[in-house]
Amino acid sequence: MMKAIRLAEIAFSQNEIPVGAVIVKNNSIIGQGYNQKELLKDPTAHAEIIAITSAASTEGDWRLNDCTLYVTKEPCPMCAGAIINARISRLIFGAYDDKKGCCGSLYQLCGDKRLESITTVRGGVEEETCSLLLKEFFKKHRA
């Protein structure tokens, strides 16, 4: 999670919403990303999507079985869908998102058997650090 937080700090420094993500398999990082929506002018350039694309490239396969995704904020509906489609086994996130979170707050898409999801979810890991980074960003940009 600390690597994901460092990536979120990079996003913050680039005026992006500070979210970072890493994907781990067999104790090695195989993919990583941070929000780049503004830089790339791409609404899908969320940290999780970039990390999934990176991991799939590393693995040479879109199936990311036996992988864990660490992300600093609870995934949105798009990212939750990508996590399910990539068959990621575990999701660990920091800050809960009461407005758009789809892995426990508003909805629980990951792990939903109706979607054939195998993903287990654990939220609130390093929550205070992850939440503070988001609060600082929005305080700065909404002032």
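Residues numbered from 1 in each chain as written. Predicted model: local features only at pLDDT ≥ 70, side-chain atom pairs only at ≥ 80, totals over all residues. Heavy atoms only, no water.

Draft legend 1. Highlighting the overall build of the protein chain. The secondary structure content of the protein chain amounts to 5 helices and 5 strands. In the protein chain, the order of α-helices and β-strands from amino to carboxyl end is α-β-β-α-α-β-α-β-β-α. At 14 Å, the protein chain has a C-alpha radius of gyration in line with the 15 Å of a compact globule built from 143 residues. If one aligns the C-alpha atoms of the protein chain with their principal axes, the spans along those axes are about 45 × 30 × 25 Å. Out of the 143 residues in the protein chain, the part that is buried amounts to 46%. Sequence-distant contacts, at least 24 apart, represent 57% of the contacts inside the protein chain between residues at least 6 apart. For the protein chain, the accessible area works out to roughly 7,700 Å², and carbon and sulfur atoms hold 50% of it. Charged side chains in the protein chain number 18 positive and 17 negative. The centres of these two groups are separated by 2 Å. (Helix = DSSP H or I, 4+ residues; strand = E, 2+ residues; numbered from the N terminus. Rg over C-alpha atoms; globule rule 2.2 N^0.38 Å. Buried < 20%, exposed > 50% of the residue type's maximum accessible area, 1.4 Å probe, protein only. Contact = heavy atoms within 4.5 Å. Areas by Shrake-Rupley, 256 points an atom, 1.4 Å probe, with all protein chains shown as cover. Lys, Arg positive; Asp, Glu negative; His and termini not counted. Charge placed at Lys NZ, Arg CZ, Asp CG, Glu CD.)

Draft legend 2. Representation of the pattern of salt bridges in the model. Within the structure shown, the criterion is met by 4 salt bridges. Linking K25 and E59 is a salt bridge whose minimum nitrogen-to-oxygen distance equals 3.1 Å. Residue K25 is located in strand β1 (residues 20-25), and its partner E59 is located in helix α3 (residues 47-59); the two are separated by 34 residues in the primary sequence. As a salt-bridge pair, R114 and D112 come within 2.7 Å of each other at their nearest N and O atoms. (Salt bridge = Lys/Arg side-chain N within 4 Å of Asp/Glu carboxyl O.)

Draft legend 3. A positive patch on the surface, seen in detail. Judged by side-chain charge, K37, K99, K100 and R142 come together as a positively charged surface patch. Looking at the secondary structure, you find K99 in the loop between β4 (90-95) and β5 (120-122). Taking the relative accessible area as the measure of exposure, K99 reaches 70% and is therefore exposed. (Patch = residues over 30% accessible without salt bridge, like charges linked within 9 Å, V, L, I, M, F, W, Y side chains within 5 Å.)

Draft legend 4. Region of the structure containing the nonpolar core. With 34 residues, the main nonpolar core has I23, I52, L64, I88 and L91 as its most contacted residues. For this core, the secondary structure elements donating two or more residues are α1 (2-13), β1, α3, β3 (68-73), α4 (77-85), β4 and α5 (127-141). Beyond its immediate sequence surroundings of up to four residues, I23 is in contact with S28, I29, I30, G31, A51, I52, A55, L64, C67, T68, L69 and I88. (Core = buried A, V, L, I, M, F, W, Y, C linked by side-chain atoms within 4.5 Å.)

Draft legend 5. Seen up close, the sheet that holds β5. Spatially, β2-β1-β3-β4-β5 is the arrangement adopted by the 5 strands of the open sheet, whose pairing is mixed. Each edge of the open sheet is held by one strand with a lone partner, namely β2 (28-34) and β5. On average, each strand axis in the sheet is inclined to that of its neighbour by 15°, with strand direction left out of account. For β4 and β5, the ladder comprises 3 bridges, and the chain directions are parallel. Each residue of the ladder has a partner; that of I92, found in β5, is R122. Against the sheet, α1 contacts β1, β2 and β3, and its axis sits at roughly 150° relative to β1. (Pairing = 2+ DSSP bridges. Axes fitted to C-alpha atoms, helices over the stretch in contact; angles between N-to-C directions.)

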